[in-house]
Amino acid sequence: MSFDNTDKIIDNMKQTNRYWKFVFATLFVTLAITGGILFFFFRVLNEEQALAVISIEKDHPIYLITVFFIWTFVAFAGLEIIYQIYIKPVKKISAEASMIYSSNPSHRLELKGVRDIKSLSIVINDFADLFENLNKNITEQILVARKRIEKEKNLLAAIMAELPQGVIICNNNGRILLFNSIAKETFTQGASLKAAKHFIGLGRSVFHLIDKELVVHAIDEIEERLNNGRQSVGSYFITPIITGHLISIETIPMLDKKRQITGFILMFQDVTDRINQYDITYKHLLSLKKDLSDKKIIHKYEEMSEIILDSIITHLPLTKLFLPYFIKTIQLRAKSLHGIEIIFENRNSSSRIIADTYSFTAAFVFLIKNLSDFTQIKEFNLLSFPGKKTVVFEITWTGKFIAKHRIENILSMRINALPSLFYVLKQNQAELQVISDNKDQCSKINIIANAELKAPLKRKHRAPVITESRPEFYDFDLFKIDDDNIDLLDTRLDKITYTVFDTETTGLNPTGGDEIISIAAVRIVNNRIFYQDIFEELIDPKRDIPIESYKIHGINYEMVAGKKNITEVLPVFQQFVSETVLLGHNIAFDMKMLKVKEKVTDIKFLNPVVDTLLLSAVLHPIHERHDMESIARRLGVNIIGRHTALGDAIATAEIFLKLLPILNSNGILTLNDAIKASKTTYYARLKY
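In short, a report on the structure.

What counts and how
- Residues numbered from 1 in each chain as written.
- Predicted model: local features only at pLDDT ≥ 70, side-chain atom pairs only at ≥ 80, totals over all residues.
- Heavy atoms only, no water.
- Helix = DSSP H or I, 4+ residues; strand = E, 2+ residues; numbered from the N terminus.
- Buried < 20%, exposed > 50% of the residue type's maximum accessible area, 1.4 Å probe, protein only.
- Contact = heavy atoms within 4.5 Å.
- Pairing = 2+ DSSP bridges.
- Axes fitted to C-alpha atoms, helices over the stretch in contact; angles between N-to-C directions.
- Core = buried A, V, L, I, M, F, W, Y, C linked by side-chain atoms within 4.5 Å.
- Arc of directions from axis to C-beta.
- Patch = residues over 30% accessible without salt bridge, like charges linked within 9 Å, V, L, I, M, F, W, Y side chains within 5 Å.
- Areas by Shrake-Rupley, 256 points an atom, 1.4 Å probe, with all protein chains shown as cover.
- Salt bridge = Lys/Arg side-chain N within 4 Å of Asp/Glu carboxyl O.
- Parallel < 35°, antiparallel > 145°, perpendicular 65-115°, else oblique.
- Left-handed = near helix turned anticlockwise from the far one by under 90°.
- Nonpolar A, V, L, I, M, F, W, Y, C, P; charged D, E, K, R; others polar.
- Phe/Tyr/Trp six-rings, centres within 6.5 Å; stacked < 30°, edge-to-face > 60°.
- Lys NZ or Arg CZ within 6 Å of the ring centre and 35° of its normal.
- Expected span 1.5 Å × (residues − 1).

All right, on to the overall build of the protein then. Scanning the protein from N- to C-terminus turns up 22 helices and 20 strands. For the protein, the residues scored as buried account for 44% of the 688 residues in total. Taking the intrachain contacts of the protein between residues at least 6 apart in sequence as the baseline, contacts between residues at least 24 apart amount to 71%.

Dropping the structure here:
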């Protein structure tokens, strides 16, 4: 929320109180009974007496009216005194006592009211002292019991931070449970705000960072090995990431006691420099070959090239692939993705080859797709036959020939989420040969792969991690979340991931030209605030900032001039808040500021919304003020950085976590419960 002037507007709205409903009902009944008695009394008077009463009414009406108003005033004053002395203090005691045992044991009741109320407050405060001391003792005992575990946790954290590899641990749905500093640096280095549309953070999906198809293929490969009873089940792949770097990833499954996958570990290294070095070396060697003319020298060059290139490249851990299955996969992918028919003929005595399933399949499809683009042909022949310890795949077509230099260009092109075709073939220990009747044209290409070895293939796959076999150093409750079966509205409030955000603006009129000048957010995951997973941006409003606004948030035009505009910031902010519930204090104002920008940014925020202002009003209707400072004071929250977007967002997050146990004790357990309860308050009627 940008300004607390809105709190003053809100505080002027009077809450309907059941007590005053009872008061008006009582007065109405009393007046009705009194009127009935007077009417009956008037009916029993004789004519002379009735005329005398009427004469008094006509001659002295002011006295009768005065008596009526005095009676009404005395009745109201008496009832108000009763309310202020007895009813209101008791209701306040009830609300604040629940606050003491639910959220803030340090809170104490004010000693106001009559002697009996003061005595009750003293007794409750005495119990609160005992309760607070008991809480402190229990907390101290827990801290002592956890001291050893904390040391182990800190040691593990230090080791994780210093690992030469990046590590990300995910549950079955790809939600991030743990990552180290190398992982964060890998996915954020050199990424500008405009480009950094993906964020790494606990509870977020890893598929925003890494191509889902690659991870799914790795998991499928692992499951196939597990089903075959194999112990070495890790899977590898290489992929580019948002920063433009290439990383080599090893996928390791996490299994329960029944050997079912409950999650997976991604361990990775940046191989950009290695691949670039390989490409540069290969291009230099190719250039050198063109300059050579002596056949003997060329032969020696080729031998030396193999040695040099093999010393640079790091081979993928390869596996045995069943040839018919491999070919069928190529045919299906070429047909479904590009509409290309591949007619296969097998003359191979070996039924298996040695290669990486995903990258080698992608290489074949990529090559045939580019051949189709050059020739405009949609049908290719694929023949396999044995070579010396190899399997030769012969790709042929009828019709248009292709120049050799075009094939060389295809070799240097990257394959979607993989490196260049040449590099992928080398990683799979395969070779591409261009077969032609003349020097410049060809209509046949051979790909030579290794055949299945008689000796067992040596692998360095890692064993899976058995989760129950070691102590739990971290909170892995996110393992239990099943995104496929979750109904957000029926989810418990303490199990939801929230983005708590706030804005600072040039003024209080969203539709009258006021602009956002700062937006900040922090996330709550698994009932904890992650202070390092934040979003904070100053925004150039392209207009002046009034002095009245500057006095509140301290942001002047010089601080925001030249910063990114709202059309650049909101798309990134939308990505930051994706798949979360939005949480704020008087969030209706902030949501209106975002709403008016839909036309210029084409960004809509459809996330569910929760407001701490409304929740406080639901839980503590006896309190007249529900501004951030008042709520924080009641709940024992210290606000740091008030009237800054990030400071207010963090304070709102801390307030919400304090309100959660009070919500639970009042039967407000799910998101749906909170939304329904919020709509019942008068504050929900406030519009901007």
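A few words now on the pairing of strand β10 (residues 390-396). Across the seven residues of β10, seven count as buried, placing the element largely inside the fold. The alternating pattern of β10 places Thr390, Val392, Glu394 and Thr396 on one face and Val391, Phe393 and Ile395 on the opposite face, and all of these are buried. Pairing of β10 with strand β14 (residues 444-451) involves seven bridges; the strand directions are antiparallel. Within the sheet, the bridge partner assigned to Thr396 lies in β14 and is Lys444.

Attention shifts here to the sheet that holds strand β20 (residues 609-611). Across the sheet, which stays open at both edges, the five strands sit in the order β18-β17-β16-β19-β20 with mixed pairing between neighbours. Unpaired on one side and paired on the other, β18 (528-538) and β20 mark the two borders of the sheet. Across this sheet, the average inter-strand angle for adjacent strands is 25°, counted without regard to direction. Of the pairings in the sheet, the one linking strand β19 (residues 581-584) to β20 comprises three bridges and is parallel in character. By the bridge assignment, Leu583 is partnered in β20 with Val610.

Ile168, Phe326, Phe360, Leu371, Phe393 and Ile447 are the most contacted members of the largest nonpolar core, which totals 72 residues. For this core, the leading source of residues is helix α11 (residues 357-375), giving 10 residues. What Phe360 contacts, discounting residues up to four positions off in sequence, is Phe326, Ile353, Ala355, Leu425, Asn428, Ala430, Ile447 and Ala449. Within the second largest apolar cluster, 30 residues are counted, among which are Tyr498, Val637, Leu671 and Ala674.

All right, on to helix α6 (residues 181-188) then. Those residues of α6 that sit buried are Ala183, Thr186 and Phe187. The buried residues of α6 occupy one face: seen down the axis, they fall within an arc of 85°. Tucked inside the fold, the buried residues of α6 contact β1 (166-171), β2 (176-179), β4 (246-255) and β5 (261-270).

So, about unusual backbone geometry. Positive phi, close to 55°, is recorded for Asn526, a residue that is not glycine. Inspection of the secondary structure puts Asn526 in the loop between β17 (516-525) and β18. Classification of Asn526 by relative accessible area gives buried; the value is 15%. The phi dihedral of Lys542 falls on the positive side, at around 60°, and the residue is not glycine.

Our next topic: a nonpolar patch on the surface. Taken together, the side chains of Leu31, Ile65, Phe68, Phe69 and Trp71 define a hydrophobic patch exposed on the protein surface, amounting to about 500 Å² of accessible area. For the nonpolar patch, the element with the highest residue contribution is helix α4 (residues 61-102), accounting for four residues. Residue position: Phe69 is located in helix α4. Judged by relative accessible area, Phe69 falls into the exposed class, the value being 53%.

Running from amino to carboxyl end, helix α20 (residues 628-635) crosses helix α21 (residues 645-665) at an angle of 50°, the nearest separation of the two axes being 10 Å. Judged on the interaxial angle alone, α21 and α20 are oblique. Helix-helix and strand crossings are classified by hand; for α20 and α21 the assignment is left-handed. Together, Met628, Ile631, Ala632 and Leu635 of α20 and Asp648, Ala651, Thr652, Ile655, Lys658, Leu659 and Ile662 of α21 make up the contact between the two elements. The residue makeup of the contact of α20 with α21, split by class, is eight nonpolar, one polar and two charged.

Moving on, we come to the packing of aromatic side chains. Aromatic ring pairs are described here by two measures, namely the spacing of the ring centres and the angle between the planes. Evaluated as defined, the whole model comprises 14 aromatic pairs. Centre to centre, the rings of Phe326 and Phe360 are 5.5 Å apart; their planes meet at 15°, and the pair counts as stacked. In this pair, Phe326 sits in helix α10 (residues 323-338) while Phe360 sits in helix α11, placing the two residues 34 residues apart along the sequence. Cluster of aromatic residues (ring-pair linked, three or more members): Phe199, Phe501, Phe535, Phe573, Phe576 and Phe605. Directly above the aromatic system of Phe576 lies the positively charged group of Arg204, at a separation of 4.6 Å from the ring centroid.

With that settled, consider α11. The end-to-end C-alpha separation of α11 is 27 Å, in line with the 27 Å expected for 19 residues at 1.5 Å each. With 16 of 19 residues buried, α11 lies mostly within the body of the structure. Residue Gln376 follows α11 closely and has a positive phi angle near 60°.

With that settled, the discussion passes to the pattern of salt bridges. Under the definition given, this model contains 15 salt bridges. Of the charged contacts in the structure, one is a salt bridge between Arg204 and Asp533, with a shortest N-O distance of 3.7 Å. You can see Arg204 sitting in the loop between α6 and α7 (212-227) and its partner Asp533 sitting in strand β18, a full 329 residues away along the chain. Arg204 gets classed as buried once you look at its relative accessible area, which sits at 5%. In this structure, Glu598 and Lys595 form a salt bridge, with 3.5 Å as the shortest nitrogen-oxygen distance.

The quantities given are spatial measurements derived from coordinates; they are silent on function.
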